[in-house]
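Structure assessment
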Amino acid sequence: MNQLIKISSNDNGEKVVSGRELHDFLGVKTRYNDWFEDMIKYGFTENVDFIGFTEKRVKPKGGRPSVDHALKLDMAKEISMIQRTERGKLARQYFIDCEEKLKQTLPMSLDEKIATIASGYGNMRQEIGDVKEKVEDLSERFGLPATNAAILSHVRNGCIVHYLGGKDTRAYQKLSRKVFSEFGRDFKENFEVPRYDAIPLSQFDEALAYTKSWQPSFNTKEAIRKMNLLS
């Protein structure tokens with residue numbers, strides 16, 4: 001891209017152009033100081049949109065140093081448009097093209113990096129959510145994962161052995177199969193499943209609580225008590 005008007009950086013790293021150079025390029029006939037006074041009436045603010053400074057070079061024949069202004073690109077674009085001339089249109093488009101080229105070459109700012117990371121995280125979170133939904137759907141259809149089934153089985157065995165009085169008792173030797181069958185029947189009827197490990201994962205906590213609170217029927221308890229009295 002040909003450099004129509006020199007673009008430099010101020011102390012804050014913002015891109016600026018010389019007001020006098022812009023004035024010359026636009027071919028404005030009005031004296032620079034008078035022209036610039038007219039331009040700032042469009043709502044531009046010193047130290048926000050522009051900064052005034054004195055040129056280092058001194059005019060010939062002992063004249064005073066020239067006053068110039070560093071204009072931010074947004075101000076330079078608007079001033080160019082205000083001229084309503086072909087040169088003004090050309091200058092405005094030039095500044096727009098320079099800004100676009102600059103955006104392509106500059107590294108991302110901290111805010112832009114954060115926004116990019118946040119966007120990526122949002123996509124990743126959505127993907128994780130989709131996977132989780134699929135896993136939950138599968139668990140609903142195919143019953144408990146092996147780990148959960150093993151926990152439920154362990155709790156069931158512990159409860160039944162407790163009611164039988166331990167594995168060394170006569171009741172355990174004679175009635176354990178009956179008690180296990182009774183638990184299985186009650187569990188399947190309560191949860192409407194073909195076997196205890198066929199419940200969906202979403203009901204695991206409920207099944208665990210049911211197993212911990214389950215008790216044999218009154219008749220089975222009496223049979224256990226009597227059997228253990230014979231020991």
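You'll find the structure just up there.
**What to know about the overall build of the chain**
- Each helix and strand in the chain was counted, giving nine helices and four strands.
- Going from the N terminus to the C terminus, the chain shows its helices and strands as β-β-α-α-β-β-α-α-α-α-α-α-α.
- Within the chain, buried positions represent 32% of all 231 residues.
- Within the chain, residue pairs in contact and separated by at least 24 positions form 60% of the contacts whose partners lie at least 6 positions apart.
- Roughly 15,900 Å² of accessible area belongs to the chain as shown, and the carbon and sulfur atoms make up 51% of that amount.

**Description of the pattern of salt bridges**
- Counted according to the given criterion, the structure contains seven salt bridges.
- Across the salt bridge formed by Lys41 and Asp38, the nearest N and O atoms sit 3.7 Å from each other.
- For Lys41, a relative accessible area of 66% corresponds to the exposed category.
- Using a relative accessible area of 38% as the deciding quantity, one classes Asp38 as partly exposed.
- Notably, a salt bridge pairs Lys77 with Glu99, separated by 2.8 Å at the nearest N-O pair. Note that Lys77 is positioned in helix 3 (residues 73–82) and Glu99 in helix 4 (residues 86–105), a separation of 22 residues in sequence.
- For Lys77, a relative accessible area of 16% gives the class buried.
- Three or more residues are tied together by salt bridges with common partners; here these are Asp74, Lys77 and Glu99.

**Focus: the packing of aromatic side chains**
- Scanning the entire structure with this criterion turns up nine aromatic pairs.
- Ring geometry for Phe183 and Trp214: centres 5.3 Å apart, planes at 90°, overall edge-to-face. Pair noted here: Phe183 is in helix 7 (residues 170–191) and Trp214 is in the loop between helix 8 (204–213) and helix 9 (218–229), with a separation of 31 residues, a long-range link. The pair Phe183 / Trp214 is uniform in exposure class, with both members buried.

**A look at the pairing of strand 2 (residues 15–18)**
- Pairing of strand 1 (residues 7–9) with strand 2, which is carried by three bridges, proceeds in the antiparallel orientation. Within the sheet, the bridge partner assigned to Ser9 lies in strand 2 and is Lys15.
- Hairpin geometry of strand 1 and strand 2 is characterised by an intervening segment of five residues between the two adjacent antiparallel strands and by a positive phi of about 80° at Gly13.
- Bridge analysis of strand 2 against strand 4 (residues 67–72) gives three bridges, and the strand direction is antiparallel. Pairing of Val16 across the sheet is with Lys72, part of strand 4.

**Focus on helix 4**
- Counted at 1.5 Å a residue, the expected span for helix 4 with its 20 residues is 28 Å, and the 29 Å between its end C-alpha atoms agrees.
- Within the sequence span of helix 4, burial applies to Gly88, Ala91, Tyr94, Phe95 and Cys98. Here the buried residues of helix 4 occupy an arc of 120° about the axis, which is enough to place them on one side. Projecting away from the buried face of helix 4 at angles above 90 degrees are the exposed residues Glu86, Lys89, Lys103 and Gln104.

**Some details on the sheet that holds strand 2**
- Strand order in the open sheet formed by four strands is 1-2-4-3, and the pairing between neighbours is antiparallel. Both edges of this open sheet fall to strand 1 and strand 3 (50–54), since each of them pairs with a single strand only. Here the strands of the sheet are splayed against their neighbours by 35° on average, with no regard to which way each runs.
- Where helix 3 meets the sheet, it contacts strand 1, strand 2, strand 3 and strand 4, and its direction lies at approximately 100° from that of strand 4.

**Some details on the environment of Phe25**
- Summarising the element assignment, Phe25 is placed in helix 1 (residues 19–26).
- Spatially, the C-alpha atom of Phe25 lies 7.4 Å from that of Ile5, the residues being 20 residues apart in sequence.
- Other than its neighbours up to four places away in sequence, Phe25 contacts Leu4, Ile5, Arg87, Leu90 and Ala91.

**Some details on the side chain of Asp68**
- One can find Asp68 in strand 4.
- Of the polar contacts made by the side chain of Asp68, one reaches the backbone nitrogen of Arg20; its length is 3.0 Å.
- Filtering out sequence-adjacent residues up to four positions away, Asp68 remains in contact with Ser18, Gly19, Arg20, Tyr32, Ile51, Gly52, Phe53 and Glu55.

About the criteria used
Residues numbered from 1 in each chain as written. Predicted model: local features only at pLDDT ≥ 70, side-chain atom pairs only at ≥ 80, totals over all residues. Heavy atoms only, no water. Helix = DSSP H or I, 4+ residues; strand = E, 2+ residues; numbered from the N terminus. Buried < 20%, exposed > 50% of the residue type's maximum accessible area, 1.4 Å probe, protein only. Contact = heavy atoms within 4.5 Å. Areas by Shrake-Rupley, 256 points an atom, 1.4 Å probe, with all protein chains shown as cover. Salt bridge = Lys/Arg side-chain N within 4 Å of Asp/Glu carboxyl O. Phe/Tyr/Trp six-rings, centres within 6.5 Å; stacked < 30°, edge-to-face > 60°. Pairing = 2+ DSSP bridges. Expected span 1.5 Å × (residues − 1). Arc of directions from axis to C-beta. Axes fitted to C-alpha atoms, helices over the stretch in contact; angles between N-to-C directions. Polar contact = N/O pair within 3.5 Å; in protein donor to acceptor, adjacent residues only side chain to side chain.

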